[in-house]
Amino acid sequence: MSRRRFLKQAAIVLGASISTSVTAAVLKGASNKVTSNMSKLSSQQLSALTLLSERIIPKTDTPGAIDAGVPDFINIIVSQWYNDEERLAFFSGLKAMDSFCIKQCNCPLVQASPVQLDSVLTEFEMQAVKHEKALHETTTHEKTSPEQTSKPIFTTLRELVVVGFFTSKVGATQALVHNHMAGKFVGDYPLSKVGKAWAPFY
């Protein structure tokens, strides 16, 4: 399976199209290696993203988001592949999550416990669901504002974490089953017989 096909399937699973910036970065094989002079994220923003990423894909018997280098992947996408509008929306959404955490938990994201981080993510997930529902209820004859059509921060963050994780070597070879010479396609093969889904590459 190619990276292009993986992205199409990921979009189905996520219930939203993958942004063109992320798609371009993945298809071009964007590296997870980022130097400090390339980064547009502050150390506090990167720390918050590291904690949030690990709550979305935590380490269990398989590697988590941190093991897969997801925070560096997000840093590369936001710093080098997002346009100014996407970057501004991302930073604004991350700031909103931090403000919500301070208001509800009396601490910023970087000092929040796993339970508190989960409560923040849950709140913003519910907001994303409401946003998507309202967008779908808007008829094609009604004009939508840029705020309506832009993705909520939870949707954006989940997209970055999932794509970053499953396109990493760690995610593709340890969380999925890697088969360099895949045989015939069996669409209804029982997952219980292999334990994991197949890795699309690596």
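Before any of the text, the structure's been laid out above.
Everything numeric here is computed off the predicted structure, so don't read it as measured data. Residue numbers restart at each chain and count upward from 1, following the sequence in its written direction. Thresholds applied to this predicted model are a pLDDT of at least 70 for local features of residues and 80 or more for the giving and counting of side-chain atom pairs; totals over whole chains, interfaces and linings are not thresholded and use all residues. The basis for the side-chain values is all heavy atoms of the structure; hydrogens and waters are excluded.

Caption draft 1: Inspection of helix α6 (residues 114-137) at higher detail. Over its 24 residues, α6 runs 35 Å from end to end, which matches the ideal 34 Å to within 8%, given 1.5 Å per residue. Along α6, the residues classified as buried are Leu117, Val120, Leu121, Phe124, Ala128 and His131. Each helix corresponds to a stretch of at least 4 residues labelled H or I by DSSP, and each strand to a stretch of at least 2 residues labelled E; elements are numbered beginning at the N terminus. Under the convention used throughout, the expected extent of a helix is 1.5 Å for every residue step, that is, one less than its residue count. Summary of the burial criterion: residues with accessible area below 20% of their type's maximum are buried, those above 50% are exposed, and those between are partly exposed, where the area comes from a 1.4 Å probe applied to protein chains only.

Caption draft 2: Highlighting the state of the cysteines. Two cysteine sulfur atoms make up a disulfide if the distance between them is within 2.5 Å. One pass over the full model with this rule turns up zero disulfides. With no disulfide of its own, Cys107 lies 4.4 Å from the sulfur of Cys101, the closest cysteine sulfur. For Cys107, a relative accessible area of 10% translates into the label buried.

Caption draft 3: How the structure looks around unusual backbone geometry. Even without being a glycine, Asn106 presents a positive backbone phi close to 60°. When you line up the elements, Asn106 lands in the loop between α5 (84-105) and α6. For Asn106, a relative accessible area of 70% puts it in the exposed group.

Caption draft 4: A look at the packing of helix α3 (residues 43-56) against α5. In this analysis an axis means a line fitted to C-alpha atoms, helices contributing only their contacting stretch, and an angle means the value between N-to-C directions, from 0 to 180 degrees. Direction vectors running N to C along α3 and α5 enclose 70°, while the axes themselves pass 12 Å from each other. Relative to α5, the element α3 lies roughly perpendicular. Along the contact surface, α3 presents Gln45, Leu49 and Leu52, while α5 presents Phe90, Phe91, Leu94 and Met97. Taken together, the residues of the contact of α3 with α5 break down into six nonpolar, one polar and no charged. Small angles under 35 degrees read as roughly parallel and large ones over 145 as roughly antiparallel, with 65 to 115 read as roughly perpendicular and the rest as oblique. For this analysis, residues touch if any pair of their heavy atoms sits within 4.5 Å. All amino acids are sorted into three groups, where Ala, Val, Leu, Ile, Met, Phe, Trp, Tyr, Cys and Pro are nonpolar, Asp, Glu, Lys and Arg are charged, and the leftover types, Gly among them, are polar.

Caption draft 5: Geometry of the packing of aromatic side chains. Ring geometry is summarised as follows: Phe, Tyr and Trp rings, the Trp one being its six-membered ring, pair when their centres sit within 6.5 Å, and such pairs are stacked at plane angles under 30 degrees, edge-to-face over 60 and tilted between the two. Applying the stated rule across the entire model yields four aromatic pairs. Summarising the aromatic geometry, the rings of Phe100 and Phe124 are spaced 5.7 Å apart at their centres and angled 90° between planes, so their arrangement reads as edge-to-face. Here Phe124 lies in helix α6 and Phe100 lies in helix α5, a separation of 24 residues in the sequence. Taking relative accessible area as the criterion, Phe124 reaches 7% and is therefore assigned buried. Here the aromatic rings of Phe165 and Phe166 are separated by 4.9 Å at their centres, their planes lie at 85°, and the arrangement is edge-to-face. Among the aromatic residues, ring-to-ring pairing joins Tyr82, Phe90 and Phe91 into one connected group.

Caption draft 6: Representation of the packing of α5 against α6. It is the contact of α5 with α6, at a shortest axis distance of 10 Å, that shows an interaxial angle of 125°. Classified by the interaxial angle, the pair formed by α5 and α6 is oblique. The handedness of the crossing between α5 and α6 comes out as right-handed. Across the interface between the two elements, Ala96, Met97, Phe100, Cys101 and Cys105 of α5 pack against Gln116, Ser119, Val120, Leu121, Glu123 and Phe124 of α6. Take the far helix as your reference; a near helix turned counterclockwise from it by less than a right angle gives a left-handed crossing, and one turned clockwise gives a right-handed crossing.

Caption draft 7: Looking closely at the pattern of salt bridges. Any carboxyl oxygen of Asp or Glu within 4 Å of a side-chain nitrogen of Lys or Arg constitutes a salt bridge here. Enumeration over the complete set of coordinates arrives at four salt bridges. A salt bridge links Arg87 to Asp84, with the nearest nitrogen and oxygen atoms 3.0 Å apart. Residue Arg87 and its partner Asp84 are located together in helix α5, separated by three residues, close to a single helical turn. By relative accessible area, which is 11% here, Arg87 ends up buried. For Glu159, the salt bridge identified is with Lys151, shortest N-O distance 2.5 Å. For Glu159, a relative accessible area of 3% corresponds to the buried category.

Caption draft 8: Spotlight on the nonpolar core. To define a nonpolar core, start from buried Ala, Val, Leu, Ile, Met, Phe, Trp, Tyr and Cys residues and group those joined through side-chain atoms within 4.5 Å. Formed by 38 residues in total, the largest nonpolar core has its most connected members in Ile74, Phe90, Met97 and Leu109. Contributing elements (two or more residues each) for this core: α2 (20-27), α3, α4 (70-81), α5, α6 and α8 (153-166). Per-element accounting of this core gives the leading share, seven residues, to α8. In contact with Met97, not counting residues within four places along its chain, are Leu52, Leu109, Val120, Leu121, Phe124, Ile153 and Leu157.

Caption draft 9: Focus on α3. The end-to-end C-alpha distance of α3, which contains 14 residues, comes to 20 Å, matching closely the 20 Å that a straight helix rising 1.5 Å per residue would cover. Those residues of α3 that are buried lie in contact with α4, α5, α6 and α8.

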